[in-house]
Protein chains: 2
Amino acid sequence: MLDERKQRILEAVVQDYVSSAEPVGSRTLARRHDLGVSPATIRNEMADLEMLGYLEHIHTSSGRIPSAKGYRFYVDGLKMPMKVSDEDKSLIADWYKAKVKRIDEVFQETARLISRVTKNVSLVLAPQLSQAAFRCLQFLPLDDHRAIAVLLTDAGFVENKMVEMPKGAEFPDLQRLAAVINKSLAGKKLQAIPESTLQFIRQEIGDEELYAAAMEILWRALDTGKKERLYLGGTTHMLEQPEFHDVSRVKEILLMLEEEELIKDILRAHRGDGLAVTIGTENENARIQDCSIITATYHLDGELLGTVAVLGPTRMEYAKAMSLLNYMNANLGAIVQHYIG
Amino acid sequence: MLDERKQRILEAVVQDYVSSAEPVGSRTLARRHDLGVSPATIRNEMADLEMLGYLEHIHTSSGRIPSAKGYRFYVDGLKMPMKVSDEDKSLIADWYKAKVKRIDEVFQETARLISRVTKNVSLVLAPQLSQAAFRCLQFLPLDDHRAIAVLLTDAGFVENKMVEMPKGAEFPDLQRLAAVINKSLAGKKLQAIPESTLQFIRQEIGDEELYAAAMEILWRALDTGKKERLYLGGTTHMLEQPEFHDVSRVKEILLMLEEEELIKDILRAHRGDGLAVTIGTENENARIQDCSIITATYHLDGELLGTVAVLGPTRMEYAKAMSLLNYMNANLGAIVQHYIG
DNA sequence: TGTTAGCACTCTAAAGACTTGAGTGCTAAC
DNA sequence: GTTAGCACTCAAGTCTTTAGAGTGCTAACA
């Protein structure tokens, strides 16, 4: 639909604007890119591109900037697979080696790492506990009427929660409870425990009241783990972007990022199968229509585990961010695996 | 050392400057405060106060602002106890009721709460695990060569850590280990376990290799809990202060706040017995010599547990921040107690 | 002797005039 | 179809001016 030359010019405009953050004009473009035509011709082509909706004009006499449609064309035209520089690769390897000692640090550090490389806010949506399989439940005595329930999954995640002792029950009852549950649920997905298994546990326990209490304890213990967790990185790096040199804009974004549920919803809605890019006004949320979001999902044993994302101004280094996320996408499963063992 | 009238004028200058963020002049002061003298007299007094080092002049013909010495005089002259408004009190009560479900959320939410009320960055240094008493250690089997060690203290904190199984040992050995350790260490402070107790454990276990492994496991399990944890709140509220309308200053502060160990050291160094205020150039760290820090320590059963602090520009509502911290100081012990039970 | 009015002086910040430079769109020539 | 040339536009920087708030000093006053 766009002839060769128009494509080259559009691409050049995107690249220049991304790197300079200034509207680009025909003269600059001719100087910086070897397009083989004069500024006047470029001017004509740019006017055409504007008519077609790929470029925008702020004022009559300012250079052009890409529209959402323009970025979209550029992004769709990027050829995969993209490469991550060796420099970045070794930075990544060193980062995990130096900063991650425990499985639960993986996600926070991944977020920091991504924002470090891309100079943008990074978001990591970490695995749902309920998508993992049950491994083991134990109680630790706290005092006469309370205990700590500790739940372990096969992905190596540990959740703990204080629980009230069921009325009339004592600690040995809880231990019996744990034994029954451990026997019945071992290896089962927490998401959907079949009714038959629940009936089996009910019979095994015998005591109806204790069964009801047990279920409540189990659900409550699971409750905190059910939610996907959101890790945030790079609010500092964000400030390096000229788009965020205005404090009020920074505040707006930061306030939005504090709304965890909102952000989770946005990430869930945007993620696609592999890399997904949402550009500027393509965003449904009005507060980020001058931002773009790139998401990537990562997997373990073929199952979707979580999402990694970059949020930045529409003027973003798409190629770099996408190649990085693509790389993380491919490697995060293995990294998680490494810390689980 | 300062006569009545000079004190009143200094106080008035501080109050006006704190609320307006503009240098205050004699005329404005006379208009806003009922000092009973003319601007000319105030001018003379202000000149004196400047000579004495309590006030500063930016340029020849601008109003005055308080110096660190001026703030110090003002802060020292605040009469204790200061009151927290009923509005704030109910905000605080509601906040904990709505947002804190688990003990470990107390600190993060306390930080958020304080920054919400004071419109400044808030820092909470949470209890050292090692200052708490040992209650219970248990292992959960992970696979053939690893297990999860779960440690519980009498303050209700739970720590977990993956441990490699000692060579040649099997899971029942770990359970025996846990039993011995539980029997020996119950109620003991983790900070200083007496040598005799260690010897007792050694004898009980019998196997020398298992003992060495046990100690390593115990120390490693404790390791993560040993550090005081730092919770941060209110980087967003900070932006409301005119001092931070400049992005580069914001970035400087945010970068500094990311240096967790540095911040911890600053807090530890500054905290005094009750409320401690460090004003502007009184700070040793050059990067925050235009900031003030107010710290308060909180206690449980008479023992120092942690520190709560506010970090903001020198132009800060000292009375409000101090009264709030004083209030938290008195109540946090009870709040923590409430969630432990 | 302390207080105050008056006045000249200072400095900032906002507002307006001017200049410069990058860029556009159009037309005519190649 | 491409390009040079030219008139026009707009933003941003520079300079000047003005208004306003403030100071310090002096002389008058109670």
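The structure presented is a predicted model; accordingly, all values stated were derived computationally and were not measured. (Residues numbered from 1 in each chain as written. Chains lettered and ligands numbered in written order. Predicted model: local features only at pLDDT ≥ 70, side-chain atom pairs only at ≥ 80, totals over all residues. Heavy atoms only, no water.)

Q: Give me the overall build of chain A: which residues, what numbers.
A: Scanning chain A from terminus to terminus reveals 13 helices and 10 strands. In terms of overall dimensions, chain A is more spread out than a globule: its C-alpha atoms have a radius of gyration of 26 Å, far above the 20 Å expected for 341 residues. Its C-alpha atoms give chain A principal-axis dimensions of roughly 90 × 35 × 35 Å. Burial analysis of chain A (341 residues in total) assigns 53% to the buried set. (Helix = DSSP H or I, 4+ residues; strand = E, 2+ residues; numbered from the N terminus. Rg over C-alpha atoms; globule rule 2.2 N^0.38 Å. Buried < 20%, exposed > 50% of the residue type's maximum accessible area, 1.4 Å probe, protein only.)

Q: Now, about the side chain of threonine 110 of chain A: what can you tell me, with residues and values included?
A: Residue and element names in this part refer to chain A. Tracing the chain through its elements places threonine 110 in helix α6 (residues 105-118). Overall, threonine 110 belongs to the buried group, its relative accessible area being 0%. Filtering out sequence-adjacent residues up to four positions away, threonine 110 remains in contact with Tyr96, Val124, Met328 and Leu332. (Contact = heavy atoms within 4.5 Å.)

Q: An account of the confidence of the model for chain A is needed here, citing residue identities and associated values.
A: Predicted confidence across chain A gives a mean pLDDT of 86, with 93% of residues reaching 70 or more. Put simply, helix α9 (residues 208-226) of chain A is where chain A has its lowest mean pLDDT, 69, and helix α4 (residues 68-77) of chain A is where it has its highest, 96. (pLDDT = per-residue confidence, 0-100.)

Q: Quick rundown of the protein's contact with DNA strand D? Include the residues and the values.
A: As a matter of local geometry, DNA strand D sits amid 21 residues, with Arg5, Thr41 and Ser61 of chain A together with Ser26 and Thr28 of chain B nearest to it. A breakdown of the atoms of DNA strand D within 4 Å of the protein gives sugar and phosphate a share of 76%. Take serine 38 of chain A: an N or O atom from its main chain is 3.1 Å from a phosphate oxygen of DNA strand D. Top contributing element to the surface near DNA strand D by residue count: helix α3 (residues 39-51) of chain A, with four residues. Grouping the constituent residues of the surface near DNA strand D by class yields two nonpolar, 14 polar and five charged. (Near = heavy atom within 4 Å. Polar contact = N/O pair within 3.5 Å; in protein donor to acceptor, adjacent residues only side chain to side chain. Nonpolar A, V, L, I, M, F, W, Y, C, P; charged D, E, K, R; others polar.)

Q: How would you explain the interface of chain B and chain A if you had to name every residue and give the values?
A: Opposite the 32 residues of chain B that make contact, chain A presents 33 residues. Carbon and sulfur atoms supply 63% of the area that chain B and chain A bury against each other, a total of about 2,800 Å² over both sides. Here chain B and chain A share two salt bridges between them. Linking chain B with chain A are two residue pairs in polar contact (both at pLDDT 80 or more), by the criterion used here. Elements with a contribution of two residues or more to the side of chain B that touches chain A: β4 (134-143), β5 (146-153), β6 (158-164), α11 (247-258) and α13 (318-340) of chain B. In terms of residue count, the dominant contributor to the side of chain B that touches chain A is β4 of chain B (seven residues). Within the side of chain B that touches chain A, the residues separate by chemical class into 18 nonpolar, six polar and eight charged. (Buried area = accessible area lost by both parts, 1.4 Å probe. Salt bridge = Lys/Arg side-chain N within 4 Å of Asp/Glu carboxyl O.)

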